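Report on the structure
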Amino acid sequence: MTRLGPPETASSFQLWIRPLAVSLVMTFACGQNAASTTDVEPGMSASDGADGIDLGGDDGGGHGSAEEDGDTSPGATSPDGATGGGSSGSGDGSASDASAASLDAGKGEGPLAGGAMAFPPPNGKNMCPDPPLRITFSGPPSLGTSGKIRVYGAGGADVATVDMAGATFSDTIGGTPFNTVRPAYVDGNDAVVYLKAHALAYGQTYYVNIDSGAILGPSGTPLAISDATSWRFTTAAAAPSSLSSLSVSLNGSGEFCSVQGAVDALPAGNTSASTITIGTGVFHEIVHFASKNNVTLIGRDRAATILEGVNNNTMNPSTSTRSLVGIDSSSGLVIDTMTIHNLTPQGGSQAEALRLQNCDRCVVRNANIASLQDTLLWSGRIYADSCTISGNVDFVWGTGAAYFNKCVLKTVGVAGFNVQARNPASTYGYVFVDSTLTADPGITGDMLGRIDDSVYPTSQVAYVNCTMGSQISAAGWTITGGASTSQLRFSEYESVDPSGAPIDVSHRAVGSTQLTAPQAASMRDPTVVLAGWQPP
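1. Focus: the overall build of the protein
A count of helical and extended segments in the protein gives three helices and 41 strands. Contacts in the protein between residues at least 24 apart in sequence constitute 73% of all its contacts with a sequence separation of at least 6. Carbon and sulfur atoms form 51% of the exposed surface of the protein, whose accessible area is close to 18,500 Å².

Okay, structure coming up:
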């Protein structure tokens, strides 16, 4: 191996990576970062016979001393052709002083010896307590199937480990245990590794070690760090004193680097208003919390602020744990300007992207929300405005009540069922107003909704002045169970096709109805659907 770091005693670096808490990203070469393309697969094996890159340390045991911050050597060249650029990044700007624009500015990295760029930056100060560990290469890297990534405290204690050969992974998120995918990803030219929630503490110095073969550069060359000084950083001295406005950024300019980290900073039973602003980039997270009220989660860009990951009923077999973002028993919640995408594949079981249960006076606006089966599970009083919801099997479901204004329901992949409403007779279920139903090209036979009326006889779904593509079946609705449909409330009002022409509803399923003008006018009023609440 060619040694590119200080001659410290070798030690493996192991990181417990999870897509919620801490993400590691390292960068080889100082090149531009490519567009983010996420790889959640186990990764590729190292090329046979490849020369390794050792960023410090002999091949012997031990963690090495960590009394002082070590400087890296500028100007070293790695086998991938990357050239180092001077001293390590300082990373000592105060997160609390970050402007909104700074959440999107740059990557906050610093150079490792040999030209690798890393976040947190080597010798960085005042870092968020939940940093993504990131390495950026000159081209797309790959993830190994052996070796460990470790984070050590300054005294040599192992505080977080990710075993790239691990068969199972888990974490405790928002106080609830979850099974997770391996928390290591490829985003364009970045290798990203997430640590377990709360693995790091405030006011502490840490260093990172990486076993050869855990992460490979664009040419298949393994990266190795085995000393206590090459990649070392210090977290902020204390948690933010004010919680009314928090920021999350992958470049370290916010108080937090993960959405869950910011949410966890709020006390249980919180009632004070708190706005959490989320910068651009891909956040590989499961987000889960309960009983935290008057919280606003707002992204910097609808398409570029992305919460993304895999979670489903096979991994976590319960409606309360299988969603990507799950929020319980909270009021006054606002989710605004972001993309939430559960990457579970077709046939991978129920996989909510956004689950809101017992969510009272909650608003979701300007959001893209995507999965395949059961994209949304909502109950309480919820208002959605200008959102795009994608899926194919019961991809809007639950007990309601929910009002959708000027939203898009997009059927993707295969035909299915838009809505399954399980509301009681005393409430509305799901009402769509001035919304659009579309689909991938070639899809036909899609259904507006379905229900077993022997189990849920009072199911309520309404489409008021909605535009429907040719994917919608002539029957429109699927009603099974054979019970009386006298209490069933499947209805439409003046549905039109994309050209604005009225749709022929003469073949709609028996048990569904066409609303009268007064009925439709009543349903257009959110306070009617949402039991007296006027959304802001």
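2. A look at the environment of Gly203
Counting through the fold element by element, Gly203 comes out in the loop between strand S15 (190-195) and strand S16 (205-210). The exposure class of Gly203 is partly exposed, given its relative accessible area of 41%. In this structure, the C-alpha to C-alpha distance between Gly203 and Met127, residues 76 residues apart in sequence, is 9.2 Å. Contacts of Gly203, omitting those with residues within four sequence positions, involve Thr235, Ala236 and Ala237.

3. What about the environment of Ser454?
Tracing the sequence through the fold places Ser454 in the loop between strand S36 (449-452) and strand S37 (460-464). By relative accessible area, which is 46% here, Ser454 ends up partly exposed. Sequence separation of Ser454 and Thr485 is 31 residues, and the distance between their C-alpha atoms is 9.0 Å. Side chain to side chain, Ser454 and Asp452 meet in a polar contact 2.5 Å long.

4. Some thoughts on the pattern of salt bridges
Enumeration according to the criterion identifies 14 salt bridges in this entry. Here Asp374 ties to Arg322 by a salt bridge, and the two come within 3.3 Å at their closest N and O atoms. In this pair, Asp374 is assigned in the loop between strand S28 (354-370) and strand S29 (376-385) and Arg322 in the loop between strand S25 (305-309) and strand S26 (325-328), connecting sequence segments 52 residues apart.

5. Comments concerning the packing of aromatic side chains
Counted under the stated rule, the structure contains ten aromatic pairs. An angle of 20° between the planes, with centres 5.7 Å apart, marks the rings of Tyr383 and Tyr403 as stacked. Here Tyr403 lies in strand S31 (residues 393-405) and Tyr383 lies in strand S29, a separation of 20 residues in the sequence. Tyr403 carries the same exposure label as Tyr383, and that label is buried. Clustering of aromatic rings is evident, with ring pairs tying together Trp378, Phe404, Tyr430, Phe432, Tyr463, Trp477 and Phe490.

6. Some words on the state of the cysteines
As enumerated under the stated definition, the model contains two disulfides in all. Note on cysteine connectivity: Cys128 is disulfide-linked to Cys257, with sulfurs 2.1 Å apart. On the S-S bond that ties Cys128 to Cys257, the torsion sits near -90°, and the link is left-handed. Residue Cys128 is found in the loop between strand S7 (124-127) and strand S8 (133-136), and its partner Cys257 is found in the loop between strand S20 (245-248) and helix H1 (259-264); the two are separated by 129 residues along the sequence. There is no split in this pair, since Cys128 and Cys257 are both buried. With a sulfur-sulfur separation of 2.1 Å, Cys359 is cross-linked through a disulfide to Cys362. Between Cys359 and Cys362, the S-S dihedral sits near -95°, and the bridge is therefore left-handed. Exposure class is identical for Cys359 and Cys362. Each is buried. Sequence-ordered numbering of the bonded cysteines in the protein gives a disulfide pattern of 1-2, 3-4. Here Cys387 is not cross-linked by a disulfide; its sulfur's nearest cysteine counterpart is in Cys407, at 4.7 Å.

7. Overview of unusual backbone geometry
Note the cis peptide between Phe119 and Pro120, where omega equals -5°. Structurally, the position occupied by Pro120 is in the loop between strand S6 (116-119) and S7. Even without being a glycine, Ser349 presents a positive backbone phi close to 85°. Looking at the element boundaries, Ser349 is found in the loop between strand S27 (334-342) and S28.

8. A look at the side chain of Ser349
Ser349 gets classed as buried once you look at its relative accessible area, which sits at 18%. A polar contact is formed between the side chain of Ser349 and the backbone nitrogen of Asn313, at a distance of 3.1 Å. Within polar-contact distance, the side chain of Ser349 engages the backbone nitrogen of Thr314 at 3.1 Å.

9. Let's talk about the side chain of Arg355
If you trace the backbone, Arg355 turns up in strand S28. Contact partners of Arg355, with chain neighbours within four places excluded, come to His288, Thr319, Ser320, Ser323, Val325, Gly326, Ile327, Asp328 and Leu377.

10. Here we look at the nonpolar core
If you look at the biggest cluster of nonpolar residues, it comprises 68 residues, and the most contacted ones within it are Trp378, Phe404 and Tyr463. Broken down by element, this core gets its largest block of residues, seven residues, from S28. Grouped together as the second largest cluster of nonpolar side chains are 32 residues, Leu112, Ala160, Ala184 and Ile210 included.

11. Brief notes about the environment of Ser506
Positionally, Ser506 belongs in the loop between strand S40 (489-493) and strand S41 (512-514). You can call Ser506 exposed: its relative accessible area is 55%. Distance in space between the C-alpha atoms of Ser506 and Ala475 is 8.6 Å, their sequence separation being 31 residues. Only 2.6 Å separates the side chain of Ser506 from the side chain of Asp504, close enough to count as a polar contact.

What counts and how
- Residues numbered from 1 in each chain as written.
- Predicted model: local features only at pLDDT ≥ 70, side-chain atom pairs only at ≥ 80, totals over all residues.
- Heavy atoms only, no water.
- Helix = DSSP H or I, 4+ residues; strand = E, 2+ residues; numbered from the N terminus.
- Contact = heavy atoms within 4.5 Å.
- Areas by Shrake-Rupley, 256 points an atom, 1.4 Å probe, with all protein chains shown as cover.
- Buried < 20%, exposed > 50% of the residue type's maximum accessible area, 1.4 Å probe, protein only.
- Polar contact = N/O pair within 3.5 Å; in protein donor to acceptor, adjacent residues only side chain to side chain.
- Salt bridge = Lys/Arg side-chain N within 4 Å of Asp/Glu carboxyl O.
- Phe/Tyr/Trp six-rings, centres within 6.5 Å; stacked < 30°, edge-to-face > 60°.
- Disulfide = S-S within 2.5 Å.
- Core = buried A, V, L, I, M, F, W, Y, C linked by side-chain atoms within 4.5 Å.

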